[in-house]
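Inside the fold
Now for the letters of each chain:
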Amino acid sequence: MTISKRNALDMWNEQFSQFKEKGIQYFEPNSWLKSYLPILHDRGFNQVLEIGCGSGNDTRFLVGNGFKVTATDFSEVALSIVESNIPTVQILHHDTQNKFPFEDGGFEFIVASLSLHYFDVSLFKQILGEVRRMLSDKGLFLIRLNSVNDEDAQKVHVIDRYFYSIDSCRELFEGWKEIELGEHAIDYYGKEKIVIEGCFER
Ligand SMILES: C[S@@+](CC[C@H](N)C(=O)[O-])C[C@H]1O[C@@H](n2cnc3c(N)ncnc32)[C@H](O)[C@@H]1O
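The rules behind each value
- Residues numbered from 1 in each chain as written.
- Predicted model: local features only at pLDDT ≥ 70, side-chain atom pairs only at ≥ 80, totals over all residues.
- Heavy atoms only, no water.
- Near = heavy atom within 4 Å.
- Polar contact = N/O pair within 3.5 Å; in protein donor to acceptor, adjacent residues only side chain to side chain.
- Areas by Shrake-Rupley, 256 points an atom, 1.4 Å probe, with all protein chains shown as cover.
- Nonpolar A, V, L, I, M, F, W, Y, C, P; charged D, E, K, R; others polar.
- Buried < 20%, exposed > 50% of the residue type's maximum accessible area, 1.4 Å probe, protein only.
- Helix = DSSP H or I, 4+ residues; strand = E, 2+ residues; numbered from the N terminus.
- Contact = heavy atoms within 4.5 Å.
- Phe/Tyr/Trp six-rings, centres within 6.5 Å; stacked < 30°, edge-to-face > 60°.

**Here's the deal with the site of the ligand**
- Residues in close proximity to the ligand total 17 residues, the closest being Gly52, Asp73, Thr96, Ser113 and Tyr188.
- Between threonine 96 and the ligand, the recorded distance is 2.9 Å, taken from a backbone N or O atom to a nitrogen atom.
- In this structure, an oxygen atom belonging to the ligand sits 2.8 Å away from a side-chain N or O atom of serine 113.
- For the ligand, whose free accessible area comes to 600 Å², the fraction covered by protein is 95%.
- Its residues assigned to classes, the shell around the ligand shows eight nonpolar, seven polar and two charged.

Structure below.
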């Protein structure tokens, strides 16, 4: 059986409008990025690009820890939430499938939490090429992706979603230096989610 795919942008805008109505909850004290603070500080990193920031949970954590953050998303509703809650962030309305309007090597690290598993392998590799281009020498890419071991992997979805194992993630990052790669059970908006989390050096 085939199901009709809803327009992904409409779905995200609808979801973030519901968040807005209910009141945004931030949970940055438990941020997954906490464990990377030592390496980011040791390297003296400051400039970060966040891809697919959503309502800004990681954005707030990064700003709160003194980083200069540029956050992108294609959902205008998500960006309006970020703009009104995190005034110091620079936001950019941008579809991740398109080339980013940033110079080569302009960011010391790039963060993409649960925002790149919507693209097929070929598109993912193209985006990874952009990430590489925008990172400075020895810059870091911190990423979280859906795991094949998450219960959602068995479900039919209204928009495309891809699920990764440690091995398939490692394959995508061939040519990068692996700093950290593992599978974790996280609490995501009150629900357990199994994710692949990685930190790769350019
Ligand atoms: C699961 S949310 C993750 C949000 C946030 N990074 C977090 O971890 O809570 C996925 C985000 O990716 C964004 N997104 C999905 N496809 C996108 C695209 N083609 N271009 C830009 N953003 C996209 C959605 O709007 C949404 O904000």
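**Some details on helix 3 (residues 57-64)**
- Taken together, the buried positions of helix 3 are occupied by Asn57, Asp58, Thr59, Phe61 and Leu62.
- Taken together, the buried residues of helix 3 touch helix 2 (37-42), strand 1 (47-51), strand 2 (68-73), helix 4 (76-85) and strand 4 (107-113).
- Within two residues after helix 3, glycine 66 carries a phi angle of roughly 90°, on the positive side.

**Things to note about the packing of aromatic side chains**
- According to the stated counting rule, one finds 15 aromatic pairs in the structure shown.
- Consider the rings of tryptophan 12 and phenylalanine 16, whose centres lie 5.8 Å apart with planes at 25°: the pair is stacked. Of this pair, tryptophan 12 and phenylalanine 16 are both found in helix 1 (residues 8-22), four residues apart, which corresponds to roughly one turn of the helix. Take tryptophan 12 and phenylalanine 16: they sit in the same class, and that class is buried.
- Taking 5.6 Å as the distance between ring centres and 80° as the angle between the ring planes, the aromatic pair formed by phenylalanine 16 and phenylalanine 19 counts as edge-to-face.

In short, geometric facts, not functional conclusions.
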